[in-house]
Amino acid sequence: MAKSDVLRNSNLEMNDDRTGDEDEETCAVNLCKEFVWIQSTRAQKTFQSALTCLRECCIRLHLGHKCDSRLGVPLSQPLSERQFLIGKHGGDNLKATVTLLGDNVIQAEVVIKHAKTAGGVFRAVAQPDIQWKLQQLQDLGNHISRATVALCDLERHMKDLGANGQFGLESGELILCSARSIKEEITAARSAILLPRKRYVHHTRWYHDKVHLKVYLFQWLNASCHT
């Protein structure tokens, strides 16, 4: 091979290397721009949607005194609710009525059909001097309250980053870390309400017909998965 051909091939290889480096740099710049766009638009919309859902949960659970004040949740007092429970297999041999006030059981009544009792029915009423607490509801409120504080802090931090034009790879890592912590709190809240430790709590309609938290938590989880 002639010397001129060798030089020509070397120049072509050098040009290819430079072109490859330029393509990698362009790709890195484009990825960084896309990352900034996701933080400034998609992430903020997702977090705002999550705050709306959490605010509704706080209103339904009367958490105005616990959640972040920046949500503007009004202070309110729960009203007593009577929940009627029946046996697992139906029928009227066993009936119970539980009166709830927020996360407190203020009265419980059990009626059992029994042939050896007077009138064939045994009735017992419990009205404790110190109201019984439902730990599942307390855990639910605590997890949601912590999530609201963390999410409000994150939203304020993102507004500051956007105003100063500081979105980048480093800010993205911080946002993802905060989002994971918030998601863990919401997942724990969802588990507390949908996977109760006590079977008698699982059968109360209050969880399914009154609160509807499952809908709001799924909205947040689905939104997080699409960002």
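Since the structure is predicted, the reported quantities are computational estimates derived from the model, not experimental observations.

Caption draft 1: Examining the overall build of the chain more closely. Within the chain one finds six helices and five strands. The secondary structure elements of the chain, listed N-terminal to C-terminal, are α-β-β-β-β-β-α-α-α-α-α. Among the 227 residues that make up the chain, the fraction classed as buried is 31%. Long-range pairs, those at least 24 residues apart, make up 59% of the contacts in the chain between residues at least 6 apart in sequence.

Caption draft 2: Geometry of the nonpolar core. Formed by 34 residues in total, the largest nonpolar core has its most connected members in Phe47, Leu140, Ile144, Leu151, Leu154 and Met158. Within the residue set of this core, elements represented by two or more residues are helix 1 (3-60), strand 2 (94-101), helix 2 (135-164) and helix 3 (169-194). The dominant element in this core, judged by the number of residues it contributes, is helix 2, at nine residues.

Caption draft 3: Quick look at the side chain of Glu155. Mapped onto the secondary structure, Glu155 falls in helix 2. Lys159 provides the closest opposite charge to the buried, salt-bridge-free Glu155, at an N-O distance of 4.5 Å.

Caption draft 4: Focus on unusual backbone geometry. One non-glycine residue, His62, adopts positive backbone phi at about 55°. Within the secondary structure, His62 is located in the loop between helix 1 and strand 1 (80-86). Accessibility expressed as a relative area gives 24% for His62, which makes it partly exposed.

Caption draft 5: Highlighting helix 2. In a regular helix each residue adds 1.5 Å, so 30 residues correspond to 44 Å; helix 2 covers 44 Å between its end C-alpha atoms and thus fits that length. Gly165 occupies a position one or two residues after helix 2 and carries a positive phi of about 65°.

Caption draft 6: Molecular detail of the pairing of strand 3 (residues 104-113). Relative to strand 3, strand 2 runs antiparallel, the two being bridged by eight bridges. Paired with Thr97 across the strands is Glu109, a residue of strand 3. Linking strand 2 back to strand 3 in an antiparallel pair, the connection comprises two residues, with Gly102 at a positive phi of about 65°. Relative to strand 5 (residues 132-133), strand 3 is paired through two bridges, and the arrangement is antiparallel. Of the residues in strand 5, the one forming a bridge with Asn104 is Lys133. The sheet contact formed by strand 3 and strand 4 (residues 121-126) spans six bridges and is antiparallel. Bridging across to strand 4, Ile112 finds its partner in Phe122.

Cut-off values and rules
- All residue numbers refer to position in the chain's written sequence, counted from 1.
- Local features are withheld for residues below a pLDDT of 70 in this predicted model, meaning they are given only at 70 or higher, and side-chain atom pairs are given and counted only at 80 or more; totals for whole chains, interfaces and linings count all residues.
- Only hydrogens and water are removed before side-chain values are computed, so all heavy atoms of the structure are retained for them.
- The way it works is that DSSP assigns letters per residue, a run of H or I at least four long becomes a helix, a run of E at least two long becomes a strand, and they are numbered from the N terminus.
- Exposure categories follow from relative accessible area, calculated using a 1.4 Å probe and restricted to protein chains: below 20% of the type maximum is buried, above 50% is exposed, and the middle band is partly exposed.
- Contacts between residues were defined by any pair of non-hydrogen atoms, one from each residue, lying within 4.5 Å.
- Grouping buried Ala, Val, Leu, Ile, Met, Phe, Trp, Tyr and Cys residues that are joined through side-chain atoms within 4.5 Å yields what is termed a nonpolar core.
- Residues counted as positive are Lys and Arg, residues counted as negative are Asp and Glu, and His and the chain ends are not counted.
- Think of a salt bridge as a Lys or Arg side-chain nitrogen and an Asp or Glu carboxyl oxygen that are within 4 Å of each other.
- In this analysis, the expected span of each helix is defined as 1.5 Å times one less than the number of residues it contains.
- Two strands form a pair only when DSSP identifies at least two bridges running between them.

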